[in-house]
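# Structural characterization, general
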2 protein chains.
Amino acid sequence: MTTEKPDIGATAKAPRRKRRKEARPGEIIAAGLLEFADKGYAATRLDDVAKRAGVAKGTIYRYFDDKQALFLAAVQSHAVPTVGLLEKFVTEFDGTTRELLNQLFRIVHAKLVQGDLQILMRIIITEGRHFPELTELYYKEGVSKGQAILAKIIKRGIERGEIRDDAAAALPIIILAPAIMAIIWKMTFNHLHPVDPDTFFAAHVDLVLNGLLVHEPKV
Amino acid sequence: MTTEKPDIGATAKAPRRKRRKEARPGEIIAAGLLEFADKGYAATRLDDVAKRAGVAKGTIYRYFDDKQALFLAAVQSHAVPTVGLLEKFVTEFDGTTRELLNQLFRIVHAKLVQGDLQILMRIIITEGRHFPELTELYYKEGVSKGQAILAKIIKRGIERGEIRDDAAAALPIIILAPAIMAIIWKMTFNHLHPVDPDTFFAAHVDLVLNGLLVHEPKV
DNA sequence: ATGCTTATTGACTTAATAGTCATTATCATG
DNA sequence: CATGATAATGACTATTAAGTCAATAAGCAT
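Residues numbered from 1 in each chain as written. Chains lettered and ligands numbered in written order. Predicted model: local features only at pLDDT ≥ 70, side-chain atom pairs only at ≥ 80, totals over all residues. Heavy atoms only, no water.

## Concerning the protein's contact with DNA strand C
In the neighbourhood of DNA strand C, 24 residues make up the surrounding shell, with Arg17 of chain A together with Arg19, Thr59, Arg62 and Tyr63 of chain B lying closest. Here DNA strand C approaches the protein such that, of its atoms within 4 Å, sugar and phosphate make up 62%. Between DNA strand C and Lys18 of chain B there is a distance of 3.1 Å, counted from a phosphate oxygen to a backbone nitrogen or oxygen. Elements supplying a minimum of two residues to the surface near DNA strand C: helix H3 (57-63) of chain A together with helix H3 (57-63) of chain B. (Near = heavy atom within 4 Å. Polar contact = N/O pair within 3.5 Å; in protein donor to acceptor, adjacent residues only side chain to side chain. Helix = DSSP H or I, 4+ residues; strand = E, 2+ residues; numbered from the N terminus.)

## Topic: the interface of chain A and chain B
Taken together, the contacts link 59 residues of chain A with 59 residues of chain B. Both faces combined, the contact of chain A with chain B buries some 5,400 Å², and carbon together with sulfur accounts for 73% of it. Per-residue buried area on chain A facing chain B is highest for Arg164, Leu212 and Leu213 of chain A; these three make up 15% of the total on that side. At the surface where chain A touches chain B, the tally comes to four salt bridges. Our enumeration of links across chain A and chain B arrives at 18 residue pairs in polar contact (both at pLDDT 80 or more). Those elements giving two or more residues to the side of chain A that touches chain B turn out to be helix H1 (23-39), helix H6 (97-114), helix H7 (117-127), helix H8 (132-159), helix H9 (177-188) and helix H10 (197-210) of chain A. For the side of chain A that touches chain B, the leading source of residues is H10 of chain A, giving nine residues. When its residues are assigned to classes, the side of chain A that touches chain B shows 35 nonpolar, 15 polar and nine charged. (Contact = heavy atoms within 4.5 Å. Buried area = accessible area lost by both parts, 1.4 Å probe. Salt bridge = Lys/Arg side-chain N within 4 Å of Asp/Glu carboxyl O. Nonpolar A, V, L, I, M, F, W, Y, C, P; charged D, E, K, R; others polar.)

## Details of the relation of the copies chain A and chain B
Superposing chain A onto chain B requires a rotation of 180° together with a translation of 0.0 Å along the rotation axis, leaving an RMSD of 0.1 Å. Taken together, these values place the two copies in the relation of a two-fold axis. The rotation axis passes nearest to the C-alpha of Gly211 of chain A in chain A, at a distance of 1.7 Å. Taken as a fraction of all interface residues of chain A, those also at the interface in chain B reach 100%, which identifies the copy contact as same-surface. (Least-squares fit on C-alpha atoms with pLDDT ≥ 70 in both.)

## As for the domain arrangement of chain A
Residues and elements named next belong to chain A. Partitioning chain A into domains gives domain 1 (23-76) and domain 2 (79-210). Between domain 1 and domain 2, the C-alpha centre-to-centre distance is 29 Å. Taken together, the 11 residues of domain 1 in the interface contact 11 residues of domain 2. With both sides pooled, the region where domain 1 packs onto domain 2 buries about 1,000 Å², and carbon together with sulfur makes up 75% of that total. One can count three residue pairs in polar contact (both at pLDDT 80 or more) joining domain 1 with domain 2. Those elements giving two or more residues to the side of domain 1 that touches domain 2 turn out to be H1 and helix H4 (67-77). The greatest single-element share of the side of domain 1 that touches domain 2, amounting to five residues, is contributed by H4. Looking at the side of domain 1 that touches domain 2 residue by residue, the classes come out as eight nonpolar, three polar and no charged. (Domains from an automatic or database assignment.)

## Quick word on the side chain of Gln118 of chain B
With respect to the helices and strands, the residue Gln118 of chain B is situated in helix H7 (residues 117-127). In this view, Gln118 of chain B contacts Lys111, Leu112, Val113 and Lys186 of chain B; residues no more than four positions away in its chain are not counted.

## Some words on the packing of aromatic side chains
In total, this model carries 18 aromatic pairs over all chains according to the counting rule given. Considering the side-chain rings of Trp185 of chain A and Phe189 of chain A, the 5.4 Å spacing of their centres and the 55° angle between planes classify their relative orientation as tilted. An identical accessibility class is assigned to Trp185 of chain A and Phe189 of chain A; each is buried. With a centroid separation of 5.1 Å and an interplanar angle of 65°, the aromatic rings of Tyr41 of chain B and Phe71 of chain B are classed as edge-to-face. A residue pair is termed long-range when its members are at least 10 positions apart, and Tyr41 of chain B in the loop between helix H1 (23-39) and helix H2 (46-53) and Phe71 of chain B in helix H4 (residues 67-77) qualify at 30 residues. The two residues Tyr41 of chain B and Phe71 of chain B agree in class, both being buried. Every member of this aromatic cluster is reached through a ring pair, and the members are Phe36, Tyr41, Phe71 and Phe131 of chain A. Over the face of the ring belonging to Tyr41 of chain A we find Lys67 of chain A, whose NZ or CZ atom lies 4.6 Å from the ring centre. (Phe/Tyr/Trp six-rings, centres within 6.5 Å; stacked < 30°, edge-to-face > 60°. Buried < 20%, exposed > 50% of the residue type's maximum accessible area, 1.4 Å probe, protein only. Lys NZ or Arg CZ within 6 Å of the ring centre and 35° of its normal.)

And the structure:
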């Protein structure tokens, strides 16, 4: 508290003020995202965001109109490039459906469940109701495209005779349900009952590919 | 706004004040629960809760120490009798695992996804992080017991030769993942892309029981 | 009816924080 | 080195909502 904050990678010897028109918005956004994710929109104080970003509160208002503008900027800054990546991956893939899903789930768990997008998921889930435009944005950019990819995988699988006819066709996103559950679990109960990420992943793959039941040859 | 609020089931003809020591706490709790679920803890105003409950703000403080006490009382008032019910149901059931899970999922969807417990799920998911004691309570009363029930079902299924050896044994709760996904979907995207409850239910049953893949007799 | 207890009220006080702005410090430029 | 432009500051104001309490009135007891 009493120590000067370390000037990360700065060459000068820490003047008490620093003009950094370029770097500031990004730093404020990063700080804001963390605070919003931690406390929720209503409960985060801009003073805390400022402190975390290493600026005074007034500085925030040089770059953002108000608290909501900062919030929207913060959430939107985390674009959704992962979806585009997945799209390409799926289109070009030519192995078995089993392998395709295995890889897909691996990426989803790495990015959404464990990775940096997890924080975004939490915000959408907890604050989405209060920011309809935001939910809509993420629905359009992320969810609906994701669904299209899943639908394509399922169609492909059915055509190749690897996926049961019509399985999950009415609700493709259900094959990601275990990943969503993992996110919720991490958000809420993981500290009381820690679950290993690999356990989530393995259970996901196993359940979705094979289901629960013993499969006897149809008589 | 200008009309008198209808006095629900009252016999007297609406005096401007009414003394109802017994009924008040429950009404305030009910109103609070709705407001908290809708706005989130930080953003709900006790004036709104009071208005919804048909009392003055001061009255809230006769029955609850402060906002947080009301919140905790509201959430805890929705006890978790469903779990006990499930426990009995599962213990006494003696049909096939397929039928058992079908019934179980039906209850879960009726109560958790669509029913009155949905509101509680939303609160735990969105506010749990800020109220550790609450999360702990629900973990102990609801989640851990629910997990035990699921574990029992799986064990039973394996013993009866109906469930694949070790399937979901490491993470029993995963068989409810589609229901959890349904809750999240309803919370966030349902207004943009409505999904029929039966679709959720059917997809849940189908995925968990059968998985995605075509099951050829093992060669 | 009369009086007494206390549930209820809502105006008031207090606390917290979003948002403002006059002042100050930094730095590019000549 | 002096100077103008402006990024940054933080004390200040405005606003909102939690929490208080003296006054009021419902309804019970006598």
